[in-house]
Amino acid sequence: QWHPAFCAAAELELRSNKGDLEFKREYNLSKKPLQMDLLIIEKRKGVQIQNEIGKIFRGHNIIEYKSPDDGMTIDDFFKTLGYAFLYKGLGEKVNQIPLSELTVSLFRASVPKELLSQLSREGYIIEKQVPGIYYVNGLSVPTQIVVTNQLNSQNHESLKVLSKSAQTDDIQRFTELASAFTEPGDKEKADAVLQVSVAANRKKYDEVRRTSDMCEALRELMKEEIEEELKKNREQAIQQGLQQGLQQGLEQGLEQGRINQLIDLVKQNLLSIETAAQCAKMTADEFQIVINKQNS
């Protein structure tokens, strides 16, 4: 479920312009099952996007996301460009979506080195705008490749944790950010990102959760998982307690049986009280008291 989480992360990244953008997940390009990962439409012409990922945006922005296990090849690159041209060509009327209103963005956690090399060999110019954002110049549609693990942590918390190798500092920042969300829908989007991120980075989240300054915030976000963990720990503790109790009872029963045998030997005059007491690790007087209790 990486793709739904990515769409949620993208919406969180651009939440400062939430009112200016419309997000359409798995947008159908035609009646047949041909879908883009995410289509972002500017609802107001010429709006200034605050997040640097959106600096390239125009009226209609086609987004392709590759999960950590997926590659990003030259064919993936041009397929996404093809989506953009299909989207334009399938308008309800001629030139309903001008070419000047299109952009393409491709997202991946790590650098697609072979893709960048191939694009360079094909004559396209790769321009690094800021850490993690590469413009591909020479195309008819403005295009960028976003490498999420290279992005600066500030303002990109949602995408930074959407990785199989999320860093502890980024997890802490995202936790702080998510715990402060108040806008409708933001908490649900954060939960969608968190669900995938926690599953891929369990040890890191457990480490952050145990730190005193982040404990409460992360406990709230991981409430269900923590309750399940506590339930499991309680069950294990009960099981261990039962096992210990059974062991102790068995040992006590064996000891009492041994003492009873010694008492019987004394009563049959086959063993002196002194010897029996020594075997039971008691004094003679203590052993006599045990005999008297049994007789009473």
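Residues numbered from 1 in each chain as written. Predicted model: local features only at pLDDT ≥ 70, side-chain atom pairs only at ≥ 80, totals over all residues. Heavy atoms only, no water.

What about the overall build of the chain?
Alright, step 1. Scanning the chain from N- to C-terminus turns up 11 helices and 7 strands.
Alright, step 2. Here the chain holds 296 residues, and the buried ones make up 42% of them.
Alright, step 3. For the chain, long-range pairs separated by at least 24 residues make up 58% of all intrachain contacts whose partners lie at least 6 apart in sequence.
Alright, step 4. Accessible area of the chain: about 16,800 Å², with a carbon and sulfur share of 48%. (Helix = DSSP H or I, 4+ residues; strand = E, 2+ residues; numbered from the N terminus. Buried < 20%, exposed > 50% of the residue type's maximum accessible area, 1.4 Å probe, protein only. Contact = heavy atoms within 4.5 Å. Areas by Shrake-Rupley, 256 points an atom, 1.4 Å probe, with all protein chains shown as cover.)

Considerations on the side chain of H60
Alright, step 1. Residue placement: H60 occurs in strand β3 (residues 60-66).
Alright, step 2. The residues touching H60, leaving out its near neighbours within four places in the chain, are I40, I41, Y87, I97, E101, L102 and T103.

With respect to the pairing of strand β6 (residues 133-137)
Alright, step 1. The element β6 is extensively covered by neighbouring structure, given that 4 of its 5 residues are classed as buried.
Alright, step 2. Pairing of strand β5 (residues 125-130) with β6 involves 5 bridges; the strand directions are antiparallel. The partner of I126 across the bridge, within β6, is V136.
Alright, step 3. With antiparallel pairing between neighbouring strands as the criterion, β5 and β6 make up a hairpin whose turn holds 2 residues, including G132 at a positive phi of roughly 95°.
Alright, step 4. Pairing between β6 and strand β7 (residues 143-147): 4 bridges, direction antiparallel. Following the sheet pairing, I133 is matched in β7 by V146.
Alright, step 5. Hairpin connection of β6 to β7: 5 residues between the antiparallel strands, including G138 at a positive phi of 110°. (Pairing = 2+ DSSP bridges.)

Observations regarding the sheet that holds strand β1 (residues 21-28)
Strand pairing in a sheet takes place through backbone hydrogen bonds and is either antiparallel or parallel in direction.
Alright, step 1. One open sheet holds the 7 strands; their spatial order is β1-β2-β3-β4-β7-β6-β5, and the pairing between them is mixed. In this open sheet, the two strands that pair with only one neighbour each are β1 and β5. Strand-to-strand, the axes of this sheet are offset by a mean angle of 25°, without reference to chain direction.
Alright, step 2. Of the strands in this sheet, β1, β2 (35-42), β3, β4 (102-108), β6 and β7 are in contact with helix α2 (residues 74-89), which crosses β3 at around 150°. (Axes fitted to C-alpha atoms, helices over the stretch in contact; angles between N-to-C directions.)

Examining the pattern of salt bridges
Alright, step 1. Tallied over the full model, the rule gives 14 salt bridges.
Alright, step 2. The residue D191 makes a salt bridge to K187 at a minimum N-O spacing of 3.0 Å. In this pair, D191 and K187 are both assigned in helix α6 (residues 186-200), 4 residues apart and thus about one turn of the helix distant.
Alright, step 3. The exposure class of D191 is partly exposed, given its relative accessible area of 27%.
Alright, step 4. By relative accessible area, K187 is classed as partly exposed at 29%. (Salt bridge = Lys/Arg side-chain N within 4 Å of Asp/Glu carboxyl O.)

So far we have only geometry, and geometry alone does not tell us how the molecule works.
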